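Listed below are the residues making up each chain.
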Amino acid sequence: VTGLYCEATGEEEEELWLRYRDEDGDLVTLSSQEELDLALESLEEAKATTMHLVVSKRGSEQERRARRVEIERERNVQDNIRKLLEHGVRGRIPQHPWTADGVAADAVNAQKKKKKLPPVVLRQVGADETASVGAAVDDDWSMVDEVKVSEAQQRESGTFKSRGTAELKPIPMAVLNRFSDQVTLFVNGNQYMLSNVSPTERLVDYLRDTLGLTGTKVGCGEGGCGACTVVLTYTDRSTGSTIHKAVNSCLHPLAACNGASITTTEGIGSASAGYHEIQKKVASCNGSQCGYCTPGWVMNMYGLLSNTSTPTADYIEKHFDGNICRCTGYRPILDGFRSFAKDADIEDMVTGEQKCGGHDSSNDPKFPAFLRNAKAGSARFLGTNGRVWIRPTTLKEAFAALTKHGDKARVVVANTSVGIYKDDPTTVLVDIQNIPELRGVKVNSGDIYFGAVESLRVMAKTLERIEGEESAKGGDAAARVKAFSALVKHIRRIAGVHVRAVGSLGGNLNMARKHGFLSDLATILVAVGARAALISESKGREIVTVEEFLARTTLPADTLLQGVFVPFNAQGDAFHFNTYKTAMRNRMAHAYVNAGFAFEVDEKAQEIKSAVCAFAGVSDHDKAGAHAVRASATEEFLAGKPLNDTTLKAAIEILSKELVPSGEHRARFRHRLVTGFFYKFMVSLFRSVGTKVSDAVASAAIDYERPLQKSRQEFGFPRTHAPVSLPIPKLSAKVQASGEARYSGDVPLRYGTLHAAYVLSTVASGTIESVDTSAALKAPGVVDIIGEEDIPGVNSCAMQGPPIPILNSVNIKHHSQPIMLVVADTARHAAEAAQLVRVTYKDVKTPVITNEDAIKANKVMPSAAHHSIGDAASVLASTDDKHRVTGDVEMSTQFHFYMETQVSYAIPDEDGSMELHTATQWMDSINKSVAQCLGVPMNKVRAVNRRCGGGFGGKLYHATSHAAAAAVAAHKLQRPVRIVLSRNDDMRMHAGREETTAHYEAAFDDEGRITALTMQGFVGAGYNVDMSAFANMSFAAALSQVYNLKAADIKSSLVATNLASRTATRGPGEIQASYVIETIIEHIAHKSGLSPDQVREVNFYDVNDKDSWTVPNGKKMSHYTVPRLWALAKEKAGFDKLVKSVEEFNKTHRWRKRGLSVTPVRYEVSVWPRAALVNIYADGTILITHGAVEMGQGVNTKVAAVAAHELGLAIDQPLDINLVRFNDMNTSINPNQLFTGGSTGSEGACQAVRMACQQLVERLKSVVAAQREMNAQKADEAKSEGDGGDDDLSWQQVVGLALMQSVNLSAQAHWAGAGADSLTYMNFGACVSEVEIDVLTGEHEILLSEIVYDCGKSLNPAIDIGQCEGAFVMGVGFYLHEVAWYDKDARLVSDGTWEYKPPLANNIPQQFNVTLLQDAEFERGILSSKASGEPPLVLSTSVIMAVRQAIKAARKDAGVEDEFFKMPTPVTVDDIQRLCGHSDDQLTV
């Protein structure tokens, strides 16, 4: 079924106009009945079975919109083309056979052909030579295909003439290449032949929306998270080999998939076909929590094994630089995948068995033989809004297209640049990947040539292979490839493995040339002296340096980059080369600054003969001309200079003046990187040529290589409630890995489903004056635009506090606030049309962005928290300055970055009711908010949710607005409506953690004991209170942590800003409280001269004085295990030895420093009410519906274990946990459920299910007792007769007997969580962390994190350890990586993976150990358990405090005044470098 968009208008009903666009995009009108009849006749002949044409009078309400013609046709497009040919329809070869500009046009052209259209011709160029099949009416269409047509074939077809041209008779289809006007691809072994491919359609959209392969997810749409990973396989036409690439399907155009075989996770394994070994291993190692990212990880690993069947563990670990997981903390994923390594040594947490070695690929999907010899022909596809995709196969065709379309055209290979430049204005995409002259790798005597369309992966692998071969020869051969290892290492820091697999070197260089893209490749090629080959239709071939190429910001339309020559070193051992890069994150991040240096040195004379110093990042990037540059003045100075300290200092001074970064963004940092990189290279050069350099100075040249990540997990709990407390892998892990797990965005769409996109405000504070929707209403596919006036009920989705508008038509409070909702036939059409809505504002004010701005503007909200104990003011007043500290702490926000963005699907039902499929943590909020906005009773709203792809608090409150908006649109149009936010819109519309500032004053005694503390905090709520009131209370309540404050006055207030509403985020308020109190501890240690761990220990509560276990908010602690946890963490980490080794390291390393810290956590939680329904079926299987949302925390697995234990009491043995299955959460079954959050959803659900199971067991007791009595009697009788007896009863037998006795096998229970059931308690833990920083760049590594956590008696230690690790790594992101960057208009700049950087797998601790405290049962807890989801987040404070210690050591060497320095979070690389305090005059040897 193909959609055909037409306009139908007429003065009278009998008068009809059918408009369509031809191949040139020109509007053609069929205005006579004859022409229309002819078009319809042609369609009928083409086996199009139905055609619906909507006609209306001019001036009607629907006239504004395009009319849709739906044509159902047979799949085999080539057969239909043949039918057209046989019927003489030969106006041209149609690029869109069954659309208005295809079939209808051909029909009309056929009719007119007799009068004025020239015939299709074959340009005869000689026997066995290339001939073009095309239409004389459209020279551009001569690109349809080029085929080899022999004289014999021409004579046979009747088309041959010795000279001139001849009218064609129908050409046999065998002559036409099968790819001539379509895309042919295989997906999971199935062949698909596609015509009418939209130039803008992504591979992921085709897989998900057309084929229903929803295992492939969309996490970011930018190629930055890996959730969309699939494996693309094709035949390399130059070598004939089969190539496998793991690619981002969210970037890869469907039009570029011609001749490829695509494999998704569904294609390698499933529940029905059997799971693939990769899927099984990631599941068994607990590497899947929410599971949304898991298919992407699986397919990246599958791509790796498809190319390398026996990789090493190190190779595997380094491969995963482009996949993000927000849940697991990465360790279990790496464990699962490293088990495929030939040198693996992974112990299975569940069985204790060693898991290692290799992969049998014999059962993996095979590359279709059909594609091995296939050739890609030329093609052109048209889309909406004038978009065109052209696929030439010759340079002549490419030049023709580029010349014709000029500035509208853009050359593409894999089109990965759309992940960066989403708003590129070009409408014509020219795919050059099939042009032979632009492909290939050739090793010449003096260089290696790489065709422009070759990928970065090909370049890196080729250089690596040749470097290995030549180095093995030694001597001159090894010397000439001295630069290659540095080039390879740097290339592998470009983007992620998915982008490197397909991203072309030509595309990378052209982005740098045209857009000022901060290219790593350009810089290192300039440094190594690479040359670029340009090819032009008019001028032929031209060879220039890469630097000269970059300087040409514009190129003639008929000029292409043909390739790059990477030279061998001709200078022998005198040549020295290295490259450098510092970025927001050490992998998958664009550089702040990069550099490459190539020096020729006379080692005997200790003289620099020549120097190349190349840098990028000096100019503001993303501006034409901001490309890699050489420091020519510095190079000129260095030539002929002696290699000594005097030269070094002088060169640094010249370089510092020569390259001064432009722009405001981190300019000082970038300037310091320029001199820092130069210094690093020079120190390495001094060492290479034998100049004596001290070990301390030599540390500048350390080229850090991250070792293989290691870990240890320890636990051990009694099996008194088995299978509870056993390390059972998550029950749904395999279906998550295979992509069969269904999320809200995967729900199959009902017939007639529409898609919606928001119109968002472009100011942060102002009033809407007018809205113009006219252009949007005329856009393709648009059905309606929903505004505030369309809401039949209340325009608010707030569950508490002030109203939160669903759609805002008047007052704008933050940038990207939703104003209207555009509804269209596809998500892309809705999004495109939303951009056409024009909103005019008035009374626009300067936005309030920071807490400081809010305080000055008196934007303090009434919500406040205040806890007081003792008389802190009096103590402070009586304390001398020597024993008093005062300071300020600042913490920025952190986004949730759940992998599944906000999604809601509203389906109208009978009687005005509505069904909602929404990714939410609070089912009841969906029920209430939708009923409220529709003005219907709550029993007419049914909210359903099977699982969330991560939540972390972000889907607790914010999901309601999208459910309400979708419901309003569905209600008005009476058609299903789905909203799926893009990553960019999700981050713009919804914020996460509250920005927090605090001013403190503390007094202490000689031992470091805090005698008094006052703190005034300000918590930024955004424009609305949302859940920030809770975060504010938690911040104040948690401030004391585990420290016994005898006198304290703790206050905190909410402030309002013009930012999106902040909301609950994993550990709301708690991690901020930890950072404040631990900063105070560090300040006291600094001023007193004591070590921080001494100060911490002296402030612990007395473990023997339970009466003192009261925190400032009046809550009483129990099971205070901190001293025990503290001692165990230090013991397991070898803390005392680490203290000495860190001290020694810092003495001998001037430019690298280490820091060590140990911090504790106290975290208060409450277990909220939950309900559960347990149904037992006749075969003994069990279906459970409970009130906690599964979002990765493993609630269903824990509940299943509890049910298996409790129901097993009926037969005195645990049931098989696989008998248990879970129903979707459904407000029609379990209404009135509180949100799932606060780490205790699992406990509450377990208790509710436990109570329901106890009811069932009570009902079954009499059945079991009666049957056992009967069995005993039979046994006695059998015994008297000499036979044995069996009184055992199986579970299935008991169920069968119960049903025979009409026992009710359904039970519902509700755990109140209040009164006698009230459960609030404290969680405790401790962590030792060691870090290492690079003083010159600010880069950092976490060497060790040793977590010891009190989980009570864990309900499932495998899941709880995973929760600990995931929370901890999210905390690392908060402290070190995740920067929220707003511009002056309060627009979020870091709205996606390009600028927002959660930790990756190589950012976790190198040694990552977790121990769950044993013999620590919590009797008051549910089955003696405690929470694990959030408290370990706070233990990441140990990392930032270790960073502080490392910076402190660097500052000491730099001679910075010994003062306690502020360290606002996140503490990124630029902050670390700045705080280290060195100056350029200290860059000496």
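About the cut-offs
Residues numbered from 1 in each chain as written. Predicted model: local features only at pLDDT ≥ 70, side-chain atom pairs only at ≥ 80, totals over all residues. Heavy atoms only, no water. Helix = DSSP H or I, 4+ residues; strand = E, 2+ residues; numbered from the N terminus. Contact = heavy atoms within 4.5 Å. Buried < 20%, exposed > 50% of the residue type's maximum accessible area, 1.4 Å probe, protein only. Axes fitted to C-alpha atoms, helices over the stretch in contact; angles between N-to-C directions. Parallel < 35°, antiparallel > 145°, perpendicular 65-115°, else oblique. Left-handed = near helix turned anticlockwise from the far one by under 90°. Nonpolar A, V, L, I, M, F, W, Y, C, P; charged D, E, K, R; others polar. Patch = residues over 30% accessible without salt bridge, like charges linked within 9 Å, V, L, I, M, F, W, Y side chains within 5 Å. Areas by Shrake-Rupley, 256 points an atom, 1.4 Å probe, with all protein chains shown as cover. Salt bridge = Lys/Arg side-chain N within 4 Å of Asp/Glu carboxyl O. Lys, Arg positive; Asp, Glu negative; His and termini not counted. Charge placed at Lys NZ, Arg CZ, Asp CG, Glu CD. Polar contact = N/O pair within 3.5 Å; in protein donor to acceptor, adjacent residues only side chain to side chain. Pairing = 2+ DSSP bridges.

1. A word on the overall build of the protein
For the protein, the count of helices and strands is 42 helices and 53 strands. Contacts spanning at least 24 positions in sequence make up 76% of the contacts within the protein whose residues lie at least 6 apart.

2. Side note on unusual backbone geometry
Cis geometry marks the peptide bond from Ala722 to Pro723, where omega comes out at 5°. When you line up the elements, Pro723 lands in the loop between β29 (710-714) and α23 (733-737). Across the junction of Thr1465 and Pro1466, the peptide omega takes the value 0°, indicating a cis bond. Following the sequence through the fold, Pro1466 ends up in the loop between α41 (1437-1454) and α42 (1469-1476). Located in the positive-phi region is Ser816, a residue other than glycine, with phi close to 70°. As for its position among the elements, Ser816 is in the loop between β33 (811-812) and β34 (818-824). The class of Ser816 is buried, set by a relative accessible area of 4%. Located in the positive-phi region is Asn1232, a residue other than glycine, with phi close to 60°. Relative to the elements of secondary structure, Asn1232 occurs in the loop between β49 (1225-1226) and α37 (1241-1280).

3. A short note on the packing of helix α7 (residues 277-284) against helix α8 (residues 294-307)
The geometry of α7 relative to α8 is characterised by a closest axis approach of 10 Å and an angle of 130° between their N-to-C directions. By the angle class used here, α7 and α8 are oblique. Judged by the twist between their axes, the crossing of α7 over α8 is right-handed. Counted together, Ile278, Gln279 and Val282 of α7 and Thr294, Val298, Met301, Tyr302 and Leu305 of α8 form the full contact between these two elements. Classifying every residue of the contact of α7 with α8 by side-chain character gives six nonpolar, two polar and no charged.

4. Section: the environment of Asp520
Relative to the helices and strands, Asp520 is located in helix α17 (residues 520-528). Look at Asp520 and you get buried, because its relative accessible area is 5%. The spacing of Asp520 and Ala495 is 25 residues in sequence and 9.6 Å in space, taken between C-alpha atoms.

5. Considering a negative patch on the surface
Together, Asp476, Asp573, Asp602, Glu603 and Glu607 make up a region of like negative charge exposed at the surface. Note that Asp602 resides in strand β26 (residues 591-602). Exposure remark for Asp602: the relative accessible area of 30% places this residue in the partly exposed category.

6. Overview of the environment of Ser1108
Of note, Ser1108 is situated in the loop between α33 (1092-1098) and α34 (1122-1133). Taking the C-alpha atoms as reference points, Ser1108 and Asn1044, 64 residues apart in sequence, are found 8.0 Å from one another. When near neighbours in sequence (up to four residues on either side) are disregarded, Ser1108 contacts Asn1044, Tyr1101, Asp1102 and Lys1116. At a separation of 2.7 Å, a polar atom in the side chain of Ser1108 contacts the main-chain carbonyl oxygen of Asp1105.

7. Digging into the sheet that holds strand β53 (residues 1407-1412)
Spatial ordering of the open sheet is given by β29-β53-β52-β51-β45, a layout of five strands whose pairing is mixed. Sheet topology places β29 and β45 (1152-1166) at the edges, where each strand pairs with a single neighbour. The average angle at which neighbouring strand axes cross in this sheet is 10°, direction not considered. Contacts from α41 reach β45, β51 (1320-1334) and β52 (1340-1350) within the one sheet, and its direction differs from that of β45 by about 155°.

8. A look at the pairing of strand β27 (residues 607-616)
Among the ten residues that make up β27, seven are buried, leaving the element largely enclosed by the rest of the structure. Where β26 lies against β27, nine bridges are found, and the strand directions are antiparallel. Bridging from a neighbouring strand, Val601 pairs with Ile608 of β27. Connecting β26 to the antiparallel partner β27 that follows it, the hairpin turn spans four residues, and Gln606 within it adopts a positive phi of roughly 55°. Note: β27 against strand β28 (residues 629-630), two bridges, orientation antiparallel. Each bridged residue has a counterpart across the sheet, and for Phe615 the counterpart in β28 is Val629.

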